[in-house]
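# Residue-level structural notes
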Amino acid sequence: MNTLPELDIAELLDNEEVMAAYLSEIMATGNSELIMSALGDIARAKGMTALARETGLNRESLYKTFKPGAEPQFTTVLKILSALKMNLQAVPA
């Protein structure tokens, strides 16, 4: 029986507009675990080494930040968003 290869969403996140749209859709769910997972996908697409350099965090810390169940500090999330050149935006619900 043939199996389909696993889909790695990071491979599809090939430009900033796609990354922003992806994160915006996930943020609309309000699910913090999904949001962190999406940030992890974007981080992998951009490159963890580059993200570590931009945030001042080491790669191991970044990988832990994106693990399921992790509860990173908001300041860490803001550092990651800044390094990814993304902003949080509030819109009426």
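Here's what I pulled together on the structure shown here. (Residues numbered from 1 in each chain as written. Predicted model: local features only at pLDDT ≥ 70, side-chain atom pairs only at ≥ 80, totals over all residues. Heavy atoms only, no water.)

The next thing to look at is the packing of helix 1 (residues 16-27) against helix 2 (residues 32-46). Between helix 1 and helix 2, the least distance of the axes is 9 Å, while the angle of their chain directions is 170 degrees. Relative to helix 2, the element helix 1 lies roughly antiparallel. Here Glu16, Met19, Tyr22, Leu23, Ile26 and Met27 of helix 1 lie close against helix 2, whose contacting residues are Leu34, Ile35, Ala38, Leu39, Asp41, Ile42, Ala45 and Lys46. Grouping the constituent residues of the contact of helix 1 with helix 2 by class yields 11 nonpolar, no polar and three charged. (Axes fitted to C-alpha atoms, helices over the stretch in contact; angles between N-to-C directions. Helix = DSSP H or I, 4+ residues; strand = E, 2+ residues; numbered from the N terminus. Parallel < 35°, antiparallel > 145°, perpendicular 65-115°, else oblique. Contact = heavy atoms within 4.5 Å. Nonpolar A, V, L, I, M, F, W, Y, C, P; charged D, E, K, R; others polar.)

Let's shift gears to the nonpolar core. Leu23, Leu39, Ile42, Leu51 and Phe66 are the most contacted members of the largest nonpolar core, which totals 22 residues. When contributions to this core are tallied by element, the ones reaching two or more residues are helix 1, helix 2, helix 3 (48-55) and helix 5 (74-83). Leave out the neighbours within four places in its chain, and Phe66 touches Met36, Leu39, Gly40, Ala43, Met48, Leu51 and Ile80. (Core = buried A, V, L, I, M, F, W, Y, C linked by side-chain atoms within 4.5 Å. Buried < 20%, exposed > 50% of the residue type's maximum accessible area, 1.4 Å probe, protein only.)

For the rest of this paragraph, the subject is the pattern of salt bridges. Applying the stated criterion across every chain, the model contains five salt bridges. The salt bridge involving Glu16 is made with Lys46; its shortest N-O contact spans 3.3 Å. One end of the pair, Glu16, is in helix 1; the other, Lys46, is in helix 2, with 30 residues separating them in the sequence. By relative accessible area, which is 44% here, Glu16 ends up partly exposed. Exposure remark for Lys46: the relative accessible area of 35% places this residue in the partly exposed category. Between Lys85 and Glu54 there is a salt bridge, with its nearest N and O atoms 3.8 Å apart. In this pair, Lys85 sits in the segment after helix 5 while Glu54 sits in helix 3, placing the two residues 31 residues apart along the sequence. (Salt bridge = Lys/Arg side-chain N within 4 Å of Asp/Glu carboxyl O.)

Turning next to helix 2. Spanning 15 residues, helix 2 covers 21 Å between terminal C-alpha atoms, matching the ideal 21 Å at 1.5 Å per step. Residues of helix 2 that are buried: Ile35, Met36, Ala38, Leu39, Gly40, Asp41, Ile42 and Ala43. For helix 2, the elements touching its buried residues are helix 1, helix 3, helix 4 (59-65) and helix 5. The opening residue of helix 2, the one whose side-chain oxygen lies 3.0 Å from the backbone nitrogen of Glu33, is Asn31. Two residues or fewer past helix 2, Gly47 is found with a positive phi of approximately 115 degrees. (Expected span 1.5 Å × (residues − 1). Polar contact = N/O pair within 3.5 Å; in protein donor to acceptor, adjacent residues only side chain to side chain.)

Function cannot be read off these values alone, since they describe shape.
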